[in-house]
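# Understanding the architecture of this molecule
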Amino acid sequence: METRIRTEAELEGGGSTWWYVCGECHGAINYQADTCPHCKAIVGWEGLGLPGLAVNRKKIYTGEQTEPAE
């Protein structure tokens, strides 16, 4: 049985053009692909945090009250 490498997806590019790559061979991969089509590594997406997305924003306490007091 062949043992396959596990790797994380990475983001490469610059300016207004960005794309996803395999962390092992740095070949371009489709978003949420399970395996890399180039090196056949198993791709994980957990560590890829994109700045600016609402799901990745942490709430910051500003001291302001957001609901009316009773």
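Residues numbered from 1 in each chain as written. Predicted model: local features only at pLDDT ≥ 70, side-chain atom pairs only at ≥ 80, totals over all residues. Heavy atoms only, no water.

### Considerations on the side chain of Thr7
Note that Thr7 resides in strand β1 (residues 6–14). Among the residues examined, Thr7 registers a relative accessible area of 12% and is labelled buried. Within the structure, the side chain of Thr7 is placed 3.3 Å from the backbone nitrogen of Glu24, a separation counted as a polar contact. Excluding residues that lie within four positions of it along the chain, Thr7 makes contacts with Cys22, Gly23, Glu24, Ala41, Ile42, Val43 and Gly44. (Helix = DSSP H or I, 4+ residues; strand = E, 2+ residues; numbered from the N terminus. Buried < 20%, exposed > 50% of the residue type's maximum accessible area, 1.4 Å probe, protein only. Polar contact = N/O pair within 3.5 Å; in protein donor to acceptor, adjacent residues only side chain to side chain. Contact = heavy atoms within 4.5 Å.)

### Overview of the pairing of β1
Regular strands place side chains that alternate from one sheet face to the opposite one. Bridge count between β1 and strand β3 (residues 42–44): 3 bridges; the pairing is parallel. Across the sheet, Glu8 pairs through a bridge with Gly44, a residue of β3. The pairing of β1 with strand β2 (residues 17–22) spans 6 bridges and is classified as antiparallel. Paired with Gly13 across the strands is Trp18, a residue of β2. Linking β1 to β2, which pair antiparallel, is a turn of 2 residues; within it Gly15 sits at a positive phi near 65 degrees. (Pairing = 2+ DSSP bridges.)

So yeah, pure geometry; function would need other evidence.
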